[in-house]
Amino acid sequence: MELVEPRIFLVGETRLVEEGLQAYLEHVGVPSWSTDAPSDAEVLCEMYGRLCYRSFEPGLNPNVTRVRKGNDAYLGHILEVGHGSVLEHAMLNFVFADVSRVFTHELVRHRAGTAISQESLRYVRLDALSAYVPTHIREHEDGLEIFSKTLEELERVQQQLADAFAIDEESKFSVKKQLTSAFRRVAPLGLATTVGWSCNFRTLRHVIEVRTAPDAEEELRLVFGMVYDAVRDRYPNLFGDYTVEMVDGLRWVKTAHRKV
Ligand SMILES: Cc1cc2nc3c(=O)[nH]c(=O)nc-3n(C[C@H](O)[C@H](O)[C@H](O)COP(=O)(O)OP(=O)(O)OC[C@H]3O[C@@H](n4cnc5c(N)ncnc54)[C@H](O)[C@@H]3O)c2cc1C
């Protein structure tokens, strides 16, 4: 039995194909267009936005006599007016490790703009259990002991079931899978596991906003506060409108431009 803290890993992000972008800029008539975006994701979001109105430079569309200069100003305007669809083009890939099934069950409710791969507890046998201890339990004089003892007991139950059904002697993987799935039914909801989660930037903004709010669940608040920290400086023009207020020791990440 182990008591753990959730970990987040940013393992991937959308990358530009420079020669493809250059070929498109030549095609549309602005071969020397460039931007001061600090990341490929921000270049893409700006480029797709400008594509809509051909607003790369004044006169390219005869209706356009002025254009916003600079990635910060451009994306700031997109956030202000709520044209969030251009933020859907770039993706981020995360691994959330040592998160509970409480966390994963709430996470998967966000469907739009996500991709999910969850550790299979039909395949992966629970020989050792670990869990995050929520603040109320951790700070109560008896809470941690009750929590830890229960986790230890449930770990023993997993081992007893494995012995009783002699799963290690079973040769058919299909039977092992059925047994493993049966045993997990007596594992706790707080069990630490791993989920891979990819999302576009529009989705990420929405999920950060709703899952760091004070009425959200503690572990979700904790993890999405960490996610915000991981993306804030990496993509400053996509998250520059946020402010952070600490509530109950966790970040509440807020903006005037909600759910763009
Ligand atoms: C604090 C909190 C408490 C919650 N409590 C509960 C609870 O008690 N019980 C419960 O069941 N759930 C609960 N939820 C989950 C909640 O109901 C949503 O399922 C979850 O937040 C997913 O967000 P979303 O609906 O914005 O969808 P997302 O998939 O995140 O989609 C983002 C946005 O895209 C649009 N969209 C997505 N799918 C569709 C669609 N099919 N049709 C039209 N528009 C779409 C909507 O505008 C949506 O807001 C809770 C969530 C929070 C944050």
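In this text, all values refer to a predicted model and were calculated from it rather than measured experimentally. (Residues numbered from 1 in each chain as written. Predicted model: local features only at pLDDT ≥ 70, side-chain atom pairs only at ≥ 80, totals over all residues.)

**Focus on the nonpolar core**
Formed by 46 residues in total, the largest nonpolar core has its most connected members in Cys45, Val223, Val227 and Leu238. Contributions of two or more residues to this core are made by helix H2 (40–53), helix H3 (71–81), strand E3 (91–100), helix H4 (101–107), strand E6 (192–200), helix H8 (201–212), helix H9 (218–232) and helix H10 (236–239). Residue contributions to this core peak at 7 residues, all from H9. If we skip the residues at most four places from it in the chain, Val223 touches Pro6, Ile8, Phe96, Val99 and Phe103. (Core = buried A, V, L, I, M, F, W, Y, C linked by C-beta atoms within 7 Å. Buried ≥ 20, exposed ≤ 12 C-beta atoms within 10 Å, placed from the backbone. Helix = DSSP H or I, 4+ residues; strand = E, 2+ residues; numbered from the N terminus. Contact = placed C-beta atoms within 7 Å.)

**A look at the sheet that holds strand E4 (residues 114–118)**
The strand order across the open sheet built from 4 strands is E2-E3-E6-E4, with neighbouring strands paired in antiparallel fashion. Either end of the sheet is taken by a strand with one partner, and the two such strands are strand E2 (7–13) and E4. Between one strand and the next, the sheet's axes are offset by a mean angle of 20 degrees, whatever the strand orientation. Bridge count for E3 against E6 is 8 bridges, and the pairing is antiparallel. Bridge pairing in E6 places Asn93 opposite Ser198. (Pairing = 2+ DSSP bridges. Axes fitted to C-alpha atoms, helices over the stretch in contact; angles between N-to-C directions.)

**Section: H8**
With 12 residues, H8 should cover 16 Å at 1.5 Å per step; its first-to-last C-alpha distance of 16 Å lies within 8% of that length. The element H8 is extensively covered by neighbouring structure, given that 10 of its 12 residues are classed as buried. Restricting attention to buried positions, one finds in H8 the residues Phe201, Arg202, Thr203, Leu204, Arg205, Val207, Ile208, Glu209, Arg211 and Thr212. (Expected span 1.5 Å × (residues − 1).)

The quantities given are spatial measurements derived from coordinates; they are silent on function.
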